[in-house]
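Each chain is listed here by its residues.
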Amino acid sequence: MSLLERYRDLLPITDTTPLISLAEGNTPLISAPRLAREIGVRELWLKFEGMNPTGSFKDRGMVMAIAKALEEGARSVVCASTGNTSASAAAYAARAGLEAVVIVPAGKIALGKLAQALMYGAKLVAVDGNFDAALDIVRKMGDNYPITVVNSVNHYRIEGQTTAAYEIVDTLGDAPDALCLPVGNAGNITAYWLGFRRYHERGKTTHLPKMLGFQAEGASPIVQGAPFEKPHTLATAINIGNPASWRFAVGARDESKGCIDCVSDDEIVVAWRDLARCEGVFCEPASAAGIAGLRKLMQQGAAEPDARYVAVLTGHGLKDPAMAVEQFAAPTPIAPTMAAIERALGW
Ligand SMILES: *Cc1c(COP(=O)(O)O)cnc(C)c1O
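Residues numbered from 1 in each chain as written. Predicted model: local features only at pLDDT ≥ 70, side-chain atom pairs only at ≥ 80, totals over all residues. Heavy atoms only, no water.

Before going further, it helps to examine the side chain of Thr163. By secondary structure assignment, the location of Thr163 is in helix H8 (residues 163-172). Judged by relative accessible area, Thr163 falls into the buried class, the value being 0%. In this view, Thr163 contacts Leu3, Tyr7, Leu11 and Arg60; residues no more than four positions away in its chain are not counted. (Helix = DSSP H or I, 4+ residues; strand = E, 2+ residues; numbered from the N terminus. Buried < 20%, exposed > 50% of the residue type's maximum accessible area, 1.4 Å probe, protein only. Contact = heavy atoms within 4.5 Å.)

Evaluation of the coordinates by the stated rule reveals 17 salt bridges. Between Arg42 and Glu43 there is a salt bridge, and its shortest N-O distance comes to 3.2 Å. For Arg42, a relative accessible area of 49% puts it in the partly exposed group. Among the ionic contacts, a cluster of salt bridges with common partners joins Arg6, Lys47, Glu49, Arg60 and Glu167. (Salt bridge = Lys/Arg side-chain N within 4 Å of Asp/Glu carboxyl O.)

So, on to the side chain of Thr162. Inspection of the secondary structure puts Thr162 in the loop between helix H7 (155-161) and H8. Among the residues examined, Thr162 registers a relative accessible area of 0% and is labelled buried. Of note is the side chain of Thr162, whose polar atom sits 2.5 Å from the backbone oxygen of Glu159. Once residues within four sequence positions are removed from consideration, Thr162 is found in contact with Leu11, Ala191, Leu194, Gly195 and Arg198. (Polar contact = N/O pair within 3.5 Å; in protein donor to acceptor, adjacent residues only side chain to side chain.)

On to the sheet that holds strand S3 (residues 76-80), then. The parallel open sheet is built from 4 strands, whose spatial order is S5-S4-S3-S6. In this open sheet, the two strands that pair with only one neighbour each are strand S5 (123-127) and strand S6 (148-149). The pairing of S3 with strand S4 (residues 99-105) spans 5 bridges and is parallel. Residue Ser76 lies in a different strand from S4, and its bridge partner there is Glu99. Each of S3, S4, S5 and S6 touches helix H6 (residues 131-144); the most contacted strand, S3, lies at about 155° to it. (Pairing = 2+ DSSP bridges. Axes fitted to C-alpha atoms, helices over the stretch in contact; angles between N-to-C directions.)

Glancing now at the site of the ligand. Lys58, Asn84, Asn185, Asn188 and Thr314 are the nearest of the 16 residues found near the ligand. In this structure, an oxygen atom belonging to the ligand sits 2.8 Å away from a main-chain N or O atom of Gly184. Residues of the shell around the ligand, tallied by class, amount to 6 nonpolar, 8 polar and 2 charged. (Near = heavy atom within 4 Å. Nonpolar A, V, L, I, M, F, W, Y, C, P; charged D, E, K, R; others polar.)

Attention shifts here to H8. A large share of H8 lies buried, amounting to 8 of its 10 residues. All of the buried residues along H8 are Thr163, Ala164, Ala165, Tyr166, Glu167, Ile168, Val169 and Leu172. Looking one or two places after H8, you find Gly173, whose phi comes out positive at around 85°.

In contact at an axis separation of 8 Å, helix H12 (residues 265-279) and helix H13 (residues 289-299) are set at 105° when each is read in the N-to-C sense. Between H12 and H13, the interaxial angle falls into the category roughly perpendicular. In contact with Glu267, Ile268, Val270, Ala271, Asp274 and Leu275 of H12, H13 contributes Ala289, Ile291, Ala292, Arg295 and Lys296. Residue classes in the contact of H12 with H13 are distributed as 7 nonpolar, no polar and 4 charged. (Parallel < 35°, antiparallel > 145°, perpendicular 65-115°, else oblique.)

Now for the packing of aromatic side chains. This model, assessed by the stated rule, comprises 5 aromatic pairs. Between the aromatic rings of Trp272 and Phe328, the centroid separation amounts to 6.0 Å while the plane-to-plane angle is 45°, which identifies the pairing as tilted. Within this pair, whereas Trp272 is found in helix H12, its partner Phe328 is found in the loop between helix H14 (321-327) and helix H15 (338-345), the two being separated by 56 residues in sequence. Judged by its relative accessible area of 3%, Trp272 falls in the buried class. Residue Phe328 is classed as partly exposed on the basis of its relative accessible area, which comes to 30%. (Phe/Tyr/Trp six-rings, centres within 6.5 Å; stacked < 30°, edge-to-face > 60°.)

Sheet architecture is open: 6 strands sit in the order S1-S2-S10-S7-S8-S9, paired in mixed fashion. Looking at the sheet topology across the chains shown, the edges are occupied by strand S1 (29-31) and strand S9 (259-263). Looking at each pair of strands side by side, their axes are set apart by 25° on average, direction ignored. With 5 bridges joining them, strand S8 (residues 210-216) and S9 adopt parallel strand pairing. From the neighbouring strand, Gly213 faces S9, where its bridge partner is Ile260. Across the face of the sheet, H8 comes into contact with S1, strand S2 (43-48), strand S7 (178-182) and strand S10 (308-313) while running at roughly 135° to S2.

Moving on: a nonpolar patch on the surface. Together, Ile334, Met338, Ile341, Leu345 and Trp347 make up an exposed nonpolar region whose accessible area comes to about 620 Å². Along the chain, Met338 falls in helix H15. Using a relative accessible area of 60% as the deciding quantity, one classes Met338 as exposed. (Patch = residues over 30% accessible without salt bridge, like charges linked within 9 Å, V, L, I, M, F, W, Y side chains within 5 Å. Areas by Shrake-Rupley, 256 points an atom, 1.4 Å probe, with all protein chains shown as cover.)

With that settled, the discussion passes to the nonpolar core. Membership of the largest hydrophobic core comes to 56 residues, with the highest contact counts inside it found for Ile66, Leu179, Ile189 and Tyr192. The element that contributes the greatest number of residues to this core is helix H3 (residues 58-71), accounting for 7 residues. Not counting chain neighbours up to four residues away, the residues in contact with Leu179 comprise Ile168, Tyr192, Phe196, Pro209, Lys210, Met211, Leu212, Val310 and Val312. Listed in part, the 42 residues of the second largest apolar core include Ala271, Leu275, Leu297 and Met298. (Core = buried A, V, L, I, M, F, W, Y, C linked by side-chain atoms within 4.5 Å.)

On their own, these measurements won't tell you what the molecule is for.
Structure representation (structure tokens):
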């Protein structure tokens, strides 16, 4: 059953909503005992959103937003993107027979994401400026042209993304004690909190989880309490200086008695590597911010060791292969002899 069908009763679906699908959602919740032990928590699960059809959680919101755009008779959609939103918009627009226009910050998009937008046939425009500048233009386009904006300012995106919270509860049988996730434009933390509350109201959980959101230090406006003019982090998916869902994220933090903190690029890279090496799960750099953040809280004595944590791994590692090779140098070639191999392996 498709995602929109499965959670139909919890989503803004009517008799005339086309139930499009690329088999999004239903992503694995992977237990991470080695990483849990290493970080010092009792129980840790990884919600691996990289397993969605275009390789990120954006597909959950996009399937809903494109279905509603179709229902409302739209011909084209537009988004600003650090990469994954454009990949997802382009794929679902292609599937639905809509035109997709994608505005990206020039030179700041990971290779895999750029390749996706190109392959799915979006009209791709690169602007000299950051994500926030691209989103400003997109909002104006939405006001001036008959085109549907499918950034997370479109509330159908947030609605679709609530499904990840339902899946976690459906798998665990209850809400976790805390959810750790990266925060960029802050749509996802908003959606999870909405989803957990909605499921709780329906009696599907005994409690509500703490929301533990993490920004990159160089792009941490919510933590610092002011927009960043020039955000900078190697975690390009969260390189955002003025989050659209800022106040909802603060609401999620306060209502859940959680936190929004920041982690350095070095902490992100270490967590990113540990996920791959300890658990065999390869996510993109931004996705590791939740694990980096949980580790930081544990080191500060600010997180409960005896609790059940879920960390959301928002996107797939193959989105940004260049970053992996840059951070963990590929080997230089040697002679194809046993002696040279033994030397290289230190045997
Ligand atoms: C979009 C995205 C984020 C940030 O999500 P927000 O909803 O913007 O906070 C984090 N990681 C990845 C891989 C993303 O694509």
